[in-house]
Amino acid sequence: MRQQYVQSPSSALTFYTWDDCISIVSGSQKVQAIGITCGPGHGISIGSLGDGNSEAHVSDVPVNGATLTGTTNGVRIKTWQGGSGSASNIKFQNIEMHNVKNPIIIDQKYYDQDKPCKSQSRAVQVQNVLYQNIKGTSSSSEAIQIDCSEKFPCKGIVLQGIDLRVGGKAAKAECNNAKITEKGNVSPSCT
């Protein structure tokens, strides 16, 4: 969806799909997504960015007020290895998750082929991303997955007011190669 503003004036905008409910792609700037209801599907994605060693840029994207139910992913940033450019100044705020497999995910090593991809010398830089007031349930034990490049680690990632559970118990977080700041209550924690 290549628009600058995605909102339903009288009620939440609802997506029923088997792919990304919203995919914010390269070249998107100052895109606002407000009041989104999504599920089933793949959730809300920034990307994929940097496919085929391309340069990609996304910036100044607030996603505010979303409900995701039964989706594969919740809020995701996905970039291909070998790409370049940046995904920056992104905010995911006031989001409810219900039985979402991967509620919060940054995959800076995205690759969808059967053979594993060799480590690349370039990556799309992911920086200045805020996850704030995100609550609900995960259908997997790992509710936060932040997997960034060793050579271009994610910077300025903020987790604030996060409460994600699985089966009524605390979920887990797996966070690699990222500069993360946690504010307030954050569960699960990357630290």
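Residues numbered from 1 in each chain as written. Predicted model: local features only at pLDDT ≥ 70, side-chain atom pairs only at ≥ 80, totals over all residues. Heavy atoms only, no water.

**Observations regarding the pattern of salt bridges**
Short version of the rule: Just to be clear on terms, a salt bridge is a Lys or Arg side-chain nitrogen sitting within 4 Å of an Asp or Glu carboxyl oxygen. Accessible area is worked out with a 1.4 Å probe on protein chains only. A residue is then buried under 20% of its type maximum, exposed over 50%, and partly exposed in between.
Under the defined criterion, the tally for this structure stands at two salt bridges. Taking the shortest distance from any N to any O, the salt bridge between R165 and D163 comes out at 3.5 Å. By relative accessible area, R165 is classed as partly exposed at 33%.

**Concerning the environment of G52**
Stated precisely, the cut-off is as follows: Only runs of H or I of at least four residues qualify as helices and only runs of E of at least two qualify as strands under DSSP, and these elements are numbered from the N terminus.
In this fold, G52 is placed in the loop between β5 (44-49) and β6 (55-69). Between the alpha carbons of G52 and G82 there is a distance of 7.5 Å; along the sequence they are 30 residues apart.

**Focus: the state of the cysteines**
Selection rule: Count a disulfide wherever a pair of cysteine sulfur atoms falls within 2.5 Å.
Scanning the model with the defined rule gives three disulfides in all. Residue C148 pairs covalently with C154 via a disulfide, S to S 2.0 Å. Torsion about the S-S bond of the C148 and C154 cystine: about -95°, corresponding to left-handed handedness. Residue classification places C148 among the buried positions, given a relative accessible area of 0%. The disulfide that involves C175 links it to C190, with 1.9 Å between the sulfurs. Here C190 lies in the segment after β15 (178-187) and C175 lies in strand β14 (residues 172-176), a separation of 15 residues in the sequence. The connectivity of the disulfides in the protein chain is 1-2, 3-4, 5-6, where the numbers refer to bonded cysteines in sequence order.

**Examining the packing of aromatic side chains**
Applied cut-off: Under the pairing criterion, centres of Phe, Tyr and Trp rings, with the six-membered ring standing for Trp, must be within 6.5 Å; the plane angle then separates stacked pairs below 30 degrees from edge-to-face pairs above 60, leaving the rest tilted.
Summed over all chains, the structure comprises two aromatic pairs. Where W80 meets Y110, the ring centres are 5.0 Å apart and the plane angle is 85°; that geometry is what we call edge-to-face. Of this pair, W80 sits in strand β7 (residues 73-80) while Y110 sits in strand β9 (residues 102-110), and the two are 30 residues apart along the sequence. The exposure class of W80 is buried, given its relative accessible area of 10%.

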